[in-house]
Amino acid sequence: GNRRFGEMQETLGIARNVLSARLQRLVDEEILERRAYSENPPRYEYFLTQKGLDLWPALIALLHWGERYSPEPDGSCRLIVHKECGGRVSDRGTCETCGKVLHARDARALPGPGLESALDNAKALSAR
């Protein structure tokens, strides 16, 4: 749901230069496209391309794989839920509540219970 640089930077809690480099790489790979929403100063929003949308099944599978084999002590950092009913999205891309097969635009990411502690741990590691 975050399309603007400032929103992403705040949510992710990473350095601006790191986020800028990562977004540029995704634009260069045509996974995201940049669209201007302000000319003075120049500001952009980022949107998934079809290539980016097609990555969704793989990303969902990897997210669940990580939760299974390297879980955060306080729970998932991100919850992927069905926009329509709020059910969690399974590792197979279906809604665990209503059973619908979902696509990227049918779901949204929410902060999970483990996000805060994971961010704290990452900050502690980078401070070393």
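Residues numbered from 1 in each chain as written. Predicted model: local features only at pLDDT ≥ 70, side-chain atom pairs only at ≥ 80, totals over all residues. Heavy atoms only, no water.

## Considering the overall build of the chain
If you tally the helices and strands in the chain, you get five helices and four strands. For the chain, the succession of helices and strands along the chain, N to C, is α-α-β-β-α-α-β-β-α. Residue burial in the chain is summarised as follows: out of 128 residues, 26% are buried. The contacts in the chain between residues at least 6 apart in sequence include a share of 44% that link residues at least 24 apart. In the form shown here, the chain has an accessible surface area of approximately 9,000 Å², with 50% of it arising from carbon and sulfur atoms. Averaging the locations of the 19 positively and 18 negatively charged side chains of the chain gives two centres separated by 1 Å. (Helix = DSSP H or I, 4+ residues; strand = E, 2+ residues; numbered from the N terminus. Buried < 20%, exposed > 50% of the residue type's maximum accessible area, 1.4 Å probe, protein only. Contact = heavy atoms within 4.5 Å. Areas by Shrake-Rupley, 256 points an atom, 1.4 Å probe, with all protein chains shown as cover. Lys, Arg positive; Asp, Glu negative; His and termini not counted. Charge placed at Lys NZ, Arg CZ, Asp CG, Glu CD.)

## A closer look at the layout of surface pockets
The volume enclosed by the largest pocket comes to roughly 1,900 Å³. Along its surface, the largest pocket is lined by 42 residues, and Gly1, Leu59, Arg78, Ile80 and Ala109 are the ones closest to its centre. Taken together, the elements giving at least two residues each to the lining of the largest pocket come down to helix H1 (5-12), helix H2 (16-28), strand E1 (32-39), strand E2 (42-48), helix H3 (50-53), helix H4 (56-69), strand E3 (78-82) and strand E4 (107-111). With six residues, H4 is the largest single contributor of residues to the lining of the largest pocket. Along the lines of polarity and charge, the residues of the lining of the largest pocket split into 25 nonpolar, eight polar and nine charged. (1 Å grid on protein atoms, 1.4 Å probe; cavity = no way out; pocket = protein on both sides within 12 Å on 5 of 7 lines; lining within 4 Å. Points joined across faces, edges and corners; volume = space filled by probe spheres on them. Nonpolar A, V, L, I, M, F, W, Y, C, P; charged D, E, K, R; others polar.)

## Concerning a nonpolar patch on the surface
A cluster of nonpolar side chains, Leu55, Leu59 and Leu62, forms an exposed patch at the surface whose accessible area comes to about 280 Å². For Leu59, the position within the fold is in helix H4. (Patch = residues over 30% accessible without salt bridge, like charges linked within 9 Å, V, L, I, M, F, W, Y side chains within 5 Å. Salt bridge = Lys/Arg side-chain N within 4 Å of Asp/Glu carboxyl O.)

## Things to note about H2
An ideal rise of 1.5 Å per residue puts 18 Å on 13 residues; H2 measures up with 18 Å between its terminal C-alpha atoms. A positive backbone phi angle near 65 degrees is found at Glu30, which sits one or two residues after H2. (Expected span 1.5 Å × (residues − 1).)

## Details of the packing of H1 against H2
Where H1 contacts H2, the two axes come as close as 10 Å, and the packing angle between them is 120 degrees. When the interaxial angle is binned, H1 and H2 end up oblique. Every pair of crossing elements has a handedness; the one defined by H1 and H2 is right-handed. Residues Phe5, Met8, Gln9 and Leu12 of H1 lie in contact with H2, whose contacting residues are Arg16, Leu19, Ser20 and Leu23. Among the residues making up the contact of H1 with H2, the classes are represented as five nonpolar, two polar and one charged. (Axes fitted to C-alpha atoms, helices over the stretch in contact; angles between N-to-C directions. Parallel < 35°, antiparallel > 145°, perpendicular 65-115°, else oblique. Left-handed = near helix turned anticlockwise from the far one by under 90°.)

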